[in-house]
Amino acid sequence: MKRAFWMLGVLVLLALPARGDAGKNPSGQSGAAGQDAEGTWEGTLDAGAVKLRLIVTLTKSSGGIYSGQMNSVDQGATLVVENGTLKGDAIRFEVARIGGVYEGTLNKDGMEMSGTWTQRGGPLLPLTLKRGAKEAAPEAAAKGSEIHTPKPIAAPLDVLTPIEPWAFQADGKWHLVYELHVTNLGKSDCLLTRLDVLPGGSDAKAIASYSGAELAGMIARPGQTVTENAKIGPGAFAIVYMWVTFDKFEDVPARLMHRMAMKIGDYPEAISFEAVPVSPNRSPVVVIGSPLRGENWVAANGPSNTSQHRRAFIPVNGRAYISQRFAIDWVEENADGKTYQGDSTDNKNYRAYGAEIHAVADGVVTQTKDGIPQNVPNEKPVVPITLETVGGNHVIVDIGNGLYAFYAHMQPGSVRVKVGERVKRGQVLGLLGNSGNSSEPHLHFHICSANSELACEGLPYAFAEYELQGKGESWKPSDSHSVPVKQEMEIPLEDEVVRFAAQP
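Residues numbered from 1 in each chain as written. Predicted model: local features only at pLDDT ≥ 70, side-chain atom pairs only at ≥ 80, totals over all residues. Heavy atoms only, no water.

Take the state of the cysteines next. According to the stated counting rule, one finds one disulfide in the structure shown. Between the sulfur atoms of C448 and its disulfide partner C456 the distance amounts to 2.5 Å. Measuring handedness by torsion sign, the sulfur bridge of C448 and C456 sits at about -80° and is left-handed. Using a relative accessible area of 1% as the deciding quantity, one classes C448 as buried. Since its relative accessible area comes to 1%, C456 is described here as buried. (Disulfide = S-S within 2.5 Å. Buried < 20%, exposed > 50% of the residue type's maximum accessible area, 1.4 Å probe, protein only.)

Have a look at this one:
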């Protein structure tokens, strides 16, 4: 079963798989002598109504296994490639996060691979990848090491943090989620090679360190088509998505610093600096009730550093925000792990359809929208997607202290509150539907800093309590023989499956 939700503002076709078993990695050695898949590859995936431009960068380990990254240019998504093998001329690699597998054949001159791409539950799609136009010729690499870039006076980067992180609890640990906005103000390429997170001063031991493919996977290049996310050209912009985890609250420092190492142009020595102070908010996050009732609710697109919600950097009226930084698309699954029974094109066949949506806290209604017709599941939205229609039929509630709760994609005619109305925690606001930028019945929920769907910054929160039934894309209720675990003062992470109390 293919699950491909459309989140607010971004059409997601590539990065939202069905829940099921990941593809297995066959053992094998590298290709025959002279065959090598290392390098940058470009191609277009024809997904029917939408064609997606892909840039795949492969690097071979000493053991002959390929890894790297896949950049879905049109979606602004970068995913980790792993478990790649080349046996003779047969190439195979995985994008495990989305259950994706590519299998193809490398041609004799090593300049093209043709094959198929599939995601769990989806059809085989033809995909031909060709070596990038900018791929260096072999003789270029053999040239001498003449230096063309003079010694930099200092690192040419301007690095800013748009909002300070707010410590929150999930999966029994504490987390800080934030972004580094990086602009190269120099005249040469700047290749980020390492990033260390330090607790306060530079003499302290690093809390976390990132390099190689892991660092590249944390970097996005909005509005740009690049073959290496970590290489920032002159005047170019990048976002480094940070997610730092601690075992206990006492470990969360009052101040963070960052050490960034880089190569500038072809200057042979690494350049680094320690700066970019960040002061985490250690105050308690808002504690809310559940917006839904019952069991088998999946936190699809929930909090993670690779979730599409996490990477939804969307400009509105001259400024870009991540309103969905901690958003969740709540869907309800059946025992077999599917969200529907019978005809998948009928909204009424989805288990979540028609569920009552409850206010998570006392507050005042600041915005409503009703009357938008519903979509046919997994078809193009029936109305043009604009800033007015992206959330479909929805409600926004001011819950105090500058926080706003957003409930999206309700059934038309089901909204039960009006602007200015005071609501109580647990009060029914409307019914779960499939309106706006949505591909199947679900509740999109998030909390942010302003009375807007998108022109605000997403903030963390904690549910007073819920029960964790299972986790992971392959988990389904029929497989479970364990007792749900009670969680308190936490937020579910991506693909966790939870049970909410029948009563508030």
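There is more to say, and it comes next.
Time to look at the side chain of E490. Locating E490 in the fold gives a position in strand β32 (residues 485-490). We note that E490 is buried and unpaired, the nearest opposite charge coming from K471 at a distance of 8.1 Å. In terms of polar contacts, E490 uses its side chain to reach the backbone amide nitrogen of D171, at 3.0 Å. A polar atom in the side chain of E490 sits 3.0 Å from the backbone nitrogen of G172. Once residues within four sequence positions are removed from consideration, E490 is found in contact with Q169, A170, D171, G172, A462, F463 and Y466. (Helix = DSSP H or I, 4+ residues; strand = E, 2+ residues; numbered from the N terminus. Lys, Arg positive; Asp, Glu negative; His and termini not counted. Salt bridge = Lys/Arg side-chain N within 4 Å of Asp/Glu carboxyl O. Polar contact = N/O pair within 3.5 Å; in protein donor to acceptor, adjacent residues only side chain to side chain. Contact = heavy atoms within 4.5 Å.)

By the secondary structure assignment, G354 is in the loop between β23 (328-332) and β24 (356-358). Spatially, the C-alpha atoms of G354 and Q411 are 7.5 Å apart, while their sequence positions differ by 57 residues. In this view, G354 contacts Q411, L431 and L432; residues no more than four positions away in its chain are not counted.

Around the barrel, which closes on itself, the eight strands sit in the order β1-β2-β3-β4-β5-β6-β7-β8 with antiparallel pairing between neighbours. Within this sheet the neighbouring strands show an average axis-to-axis angle of 30°, counted without direction. For strand β7 (residues 112-119) and strand β8 (residues 125-131), the ladder comprises six bridges, and the chain directions are antiparallel. By the bridge assignment for β8, S114 is matched with T128. (Pairing = 2+ DSSP bridges. Axes fitted to C-alpha atoms, helices over the stretch in contact; angles between N-to-C directions.)

It is worth spelling out unusual backbone geometry at this point. Here the phi dihedral of N301 falls at roughly 60°; this positive angle occurs in a residue that is not glycine. Inspection of the secondary structure assignment puts N301 in the loop between β20 (294-300) and β21 (314-316). A residue is classified by how much of its surface remains accessible, and N301, at 2% relative accessible area, is buried. At N401, a position not held by glycine, the phi torsion is positive, near 60°.

With that out of the way, let us pick up the packing of aromatic side chains. Going through the model one piece at a time under the given rule, you end up with 13 aromatic pairs. With a centroid separation of 5.7 Å and 85° between ring planes, the pair formed by F445 and Y461 is classed as edge-to-face. Here F445, found in strand β30 (residues 443-448), pairs with Y461, found in strand β31 (residues 461-471); they are 16 residues apart in sequence, far enough to count as distant. One exposure class covers both F445 and Y461, and it is buried. Clustering of aromatic rings is evident, with ring pairs tying together W330, Y407, F445, Y461, F463, Y466 and F500. (Phe/Tyr/Trp six-rings, centres within 6.5 Å; stacked < 30°, edge-to-face > 60°.)

In this structure the tally under the stated criterion is 23 salt bridges. In this structure, D251 engages K248 in a salt bridge whose closest nitrogen and oxygen atoms are separated by 3.3 Å. Residue classification places D251 among the partly exposed residues on the basis of a relative accessible area of 32%. Relative accessible area serves as the criterion here: at 44%, K248 is assigned to the partly exposed category.

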